[in-house]
Amino acid sequence: MEDEILKVEHLNKFYDNWQALHDINFSLKKGEVLTLLGPSGSGKSTLLRTLNGLEDYKDGTIYFQENKIDPTPKNWQLLRQKIGMVFQSYELFPNLTVIENVLLAPVKVQKRNENEVRKEVEDLLARVGLSYYLNAYPRELSGGQKQRVAIVRALAMKPEVMLLDEITASLDPEMVRGIEEIVEKLSKQDHMTMIIVTHQMNFAERIADEVLFLENGKILEDTPGAEFFKKPQTKRAKEFLESMDF
Amino acid sequence: MAWSIMQQALPIFARAFGLTLRLSLIGIVGSMIVGVIVSLVQYFKVPVLSQILTAYVELARNTPLLIQLFFLYYAFPVFGLKMSAEVCGIVGLIFLGGAYMAEGFTGGFNGVSLSQINSGKALGMSPFQLARYVVFPQGFALSMPALTANVVFLIKETSIFSVIAIPELTNTALDLIGMYYRSNEYLFMLVVAYAIILIPIILFLAWLERRVRYGAFGN
Amino acid sequence: MVHSGINVLFEGSNFARLMAGLWTSIWIAAISLVIGLALGTIFGILRTLPNKFVRFILRLYLEFFRIVPTIVLLYLVYYILPRTFHVNWPATWMAVLAFALWVAAEFSDIVRGAIESVPKSQRESGLALGLSKIQLFRYVLLPQAVKLELPATINLATRVIKTTSLLMVISIMEVINVGQQIIEANNQQYPTGVFWVYGLIFIFYFVLDYPLSAWAKKLTKER
């Protein structure tokens with residue numbers, strides 16, 4: 001049997017009277033990359049944030065490694081150590097250096113041995129080309145460098161799955177490629193399980209094993225990546241792809 | 001204005017100057033301590049206690065120090081609680097200043113952006129860890145402008161101690177005016193004395209504010 | 001006993017006298033605010049103009065009020081005007097003068113800050129429409145600044161109200177002075193009267209200030 005990392009069943013999400021997510025169902029296997037596509041406001045980010053417990057939900061069930069999540073704050077706090085998340089706006093802690101940002105969660109939250117972790121994260125930072133910036137503050141880094149640190153910060157917890165929320169959307173175009181390569185390596189070399197929200201269609205096409213196409217909070221299409229970009233099933237998805245730059 | 005009159009009054013002013021400084025220092029340190037405690041209780045929403053302290057903050061902030069002092073100095077002894085004027089002054093200043101400082105800290109904590117808090121949560125932090133590593137360090141930096149304004153405010157408020165006859169600067173100047181009827185000289189000395197205290201402090205606090213801000217946010 | 005002491009408030013015309021004293025405090029605060037805000041607006045606008053000399057003088061003016069405690073300001077006006085300048089105004093006028101100048105100083109800084117925080121692009125797009133300098137202030141900068149400065153202005157008003165408590169020191173018959181007279185006159189009969197009178201005045205101030213500061217807080221939160 002294949003390892004199932006995440007499964008979502010009949011998820012509905014409301015803001016007061018407005019329904020942001022309608023009956024969401026999908027599952028994610030170990031090593032799989034799921035890409036959420038759709039126009040702005042279609043609920044992609046809301047869905048991603050819900051999977052990290054940053055948005056609450058009343059209706060529906062989320063399973064993590066085949067266990068039903070009881071969505072209490074305490075449970076989410078523990079689960080987040082296994083579900084890494086990277087944000088569009090980096091959100092490094094401005095009062096901490098690069099290495100302090102990265103060490104914080106493994107050492108203080110996971111209570112792992114600092115020297116051990118330091119070795120690991122120095123390797124990770126070297127992989128993304130930041131060996132010289134261990135003691136720099138976020139303010140001294142470019143957007144692309146900050147986002148590399150944010151990725152490493154999430155990886156340092158050794159998560160089972162990574163959620164990437166439009167992580168290249170705030171970057172200058174010339175920085176985008178470097179970040180995409182890091183994510184592709186994570187998938188191809190490390191077989192990291194990921195859910196990615198992006199507006200970069202080329203990138204999505206290269207990396208997506210499976211595509212969820214959302215509009216108005218509904219999943220219109222759940223198609224393997226190779227198929228989606230060649231022959232989308234729905235008219236809306238076709239129009240969406242035609243409107244995007246490749 | 002006559003310089004000789006001012007010269008003669010110098011030792012008396014020097015003593016009052018020292019007293020104003022001492023009372024200000026005790027008041028500021030005390031207010032900071034009360035302010036930190038109150039804002040922590042409010043941040044962690046400790047049941048009952050946090051509601052009581054919110055009431056305290058509103059009462060202290062929305063009433064004048066003068067009437068607070070009159071209450072301590074004239075009304076408390078009716079119930080057998082008699083304190084010296086100086087103790088009343090310090091207690092009153094800390095009562096007032098603690099509320100202002102609490103508001104300053106709380107404003108800073110509330111100013112930490114939701115996205116920073118979410119990114120802390122996404123790292124699996126507990127509410128306590130979130131406070132310790134994200135909210136407090138950034139919130140403290142954000143509260144600096146309010147805190148430094150409060151420091152200057154509290155020093156100036158010590159002038160109101162004159163109404164319960166604490167021989168600080170303002171009270172001393174008034175005494176001298178009453179005795180010698182030379183208002184220009186003594187008022188001039190009074191203003192200069194406050195300038196000597198406040199100008200360096202204002203400059204120092206502005207520098208400190210920039211340093212803390214840069215340390216936390218890099219701008 | 002404490003419980004009988006409360007009657008001191010209703011003995012004779014005591015309560016009416018306290019209310020009259022409170023009214024004195026309120027109208028001095030109100031007039032000072034009106035004059036001070038008007039003057040402060042002018043000073044604030046002047047401080048955003050390029051003339052370095054005017055800006056320097058107004059900055060000096062602000063810093064003076066930042067350093068001198070309000071109670072000292074009252075004494076300055078109270079002693080220096082009659083003795084040195086032979087101006088023999090009633091104490092209430094002198095109080096209004098001191099308060100208005102103080103409010104003007106504080107408000108000038110609020111106005112300057114608010115005008116300067118209107119985005120530069122707003123100023124430029126106004127000029128691009130061919131607005132004159134005065135039109136730019138009248139139609140673009142001031143309306144936006146007013147919105148930005150409202151919470152700080154309300155807070156300033158609460159401070160002015162609280163500061164009226166200091167008027168007693170220049171023997172204006174405001175609420176605290178009236179209260180003291182009542183306490184002294186009834187000391188024999190109501191030894192605990194002091195508690196009730198100051199308690200009532202404490203509540204008066206709270207009732208005046210709390211709604212204003214709550215309003216300012218709400219406005220700040222809505223941003």
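The name that an unreviewed UniProt entry assigns to chain C is Amino acid ABC transporter permease, with the source organism given as Lactobacillus xujianguonis. The annotation that UniProt attaches to chain C under Sequence similarities (unreviewed entry) is "Belongs to the binding-protein-dependent transport system permease family." You can read under Subcellular location (unreviewed entry) in the UniProt record for chain C the words "Cell membrane".

In the nomenclature of an unreviewed UniProt entry, chain A is known as Amino acid ABC transporter ATP-binding protein of Lactobacillus xujianguonis. Recorded in UniProt for chain A, the comment headed Sequence similarities (unreviewed entry) runs: "Belongs to the ABC transporter superfamily."

Enquirer: Is there a simple way to explain the overall build of chain C in this structure?
Expert: Looking only at helices and strands, chain C has 9 helices and 0 strands in total. With respect to the principal axes defined by its C-alpha atoms, chain C has extents near 75 × 50 × 25 Å. Buried positions account for 50% of the 223 residues belonging to chain C. In chain C, once contacts between residues fewer than 6 apart in sequence are set aside, the share between residues at least 24 apart is 77%.

Enquirer: Please clarify how the environment of Glu 239 of chain A should be interpreted in this entry.
Expert: All names here are of chain A. Take Glu 239: it is sitting in helix α9 (residues 235–243). Glu 239 gets classed as partly exposed once you look at its relative accessible area, which sits at 32%. Here the side chain of Glu 239 touches Arg 236 through a polar contact of 2.3 Å, side chain to side chain.

Enquirer: Explanation requested: unusual backbone geometry in the structure shown.
Expert: Leaving glycine aside, a negative phi is the common case for residues, and trans is the common case for peptide bonds. One non-glycine residue, Tyr 90 of chain A, adopts positive backbone phi at about 60 degrees. Checked against the element boundaries, Tyr 90 of chain A lands in the loop between β6 (83–86) and α3 (98–109). Unusually for a residue other than glycine, Lys 45 of chain B sits at a positive phi of about 50 degrees. Mapped onto the elements of the fold, Lys 45 of chain B is located in the loop between α1 (3–43) and α2 (49–61).

Enquirer: Can you help me understand the pattern of salt bridges in this one?
Expert: Opposite charge on two side chains permits pairing when their charged atoms draw close. Residues and elements named next belong to chain C. Counted by the stated rule, this structure contains 29 salt bridges over all chains. Here Asp 109 makes a salt bridge to Arg 47, at a shortest N to O gap of 2.9 Å. Taken together, the residues Asp 109 in helix α5 (residues 91–117) and Arg 47 in the loop between α2 (14–46) and α3 (52–67) connect sequence positions 62 residues apart. Each of the salt bridges in this network shares a partner with another, and the network as a whole consists of Arg 47, Arg 59, Glu 63, Arg 66, Asp 109, Arg 112 and Glu 116.

So, how was this worked out
- Each residue is numbered by its place in its chain's sequence as written, counting from 1.
- Chains and ligands are labelled by the order in which they are written, letters from A for the one and numbers from 1 for the other.
- In view of the model being predicted, local features appear only for residues whose pLDDT reaches at least 70, and side-chain atom pairs are presented and counted only at 80 or more, with totals across whole chains, interfaces and linings using the full set of residues.
- Values shown for side chains rest on all heavy atoms present in the structure; no hydrogens or waters enter the calculation.
- UniProt positions are given in the numbering used here, feature names are shortened, and annotations may be inferred rather than shown by experiment.
- Under the scheme used here, helices are H or I runs from DSSP no shorter than 4 residues and strands are E runs no shorter than 2 residues, and both carry numbers assigned from the N terminus.
- Type-normalised accessible area, obtained with a 1.4 Å probe on protein chains alone, sets the label of each residue: buried when under 20%, exposed when over 50%, and partly exposed for intermediate values.
- We call two residues in contact whenever any of their non-hydrogen atoms come within 4.5 Å of each other.
- Each polar contact in these results corresponds to two N or O atoms within 3.5 Å; when the atoms are within protein, one needs to be able to donate a hydrogen and the other to accept it, and residues that are neighboring in sequence are counted only if both atoms are side-chain atoms.
- One side-chain nitrogen of Lys or Arg within 4 Å of one carboxyl oxygen of Asp or Glu is enough to make a salt bridge.

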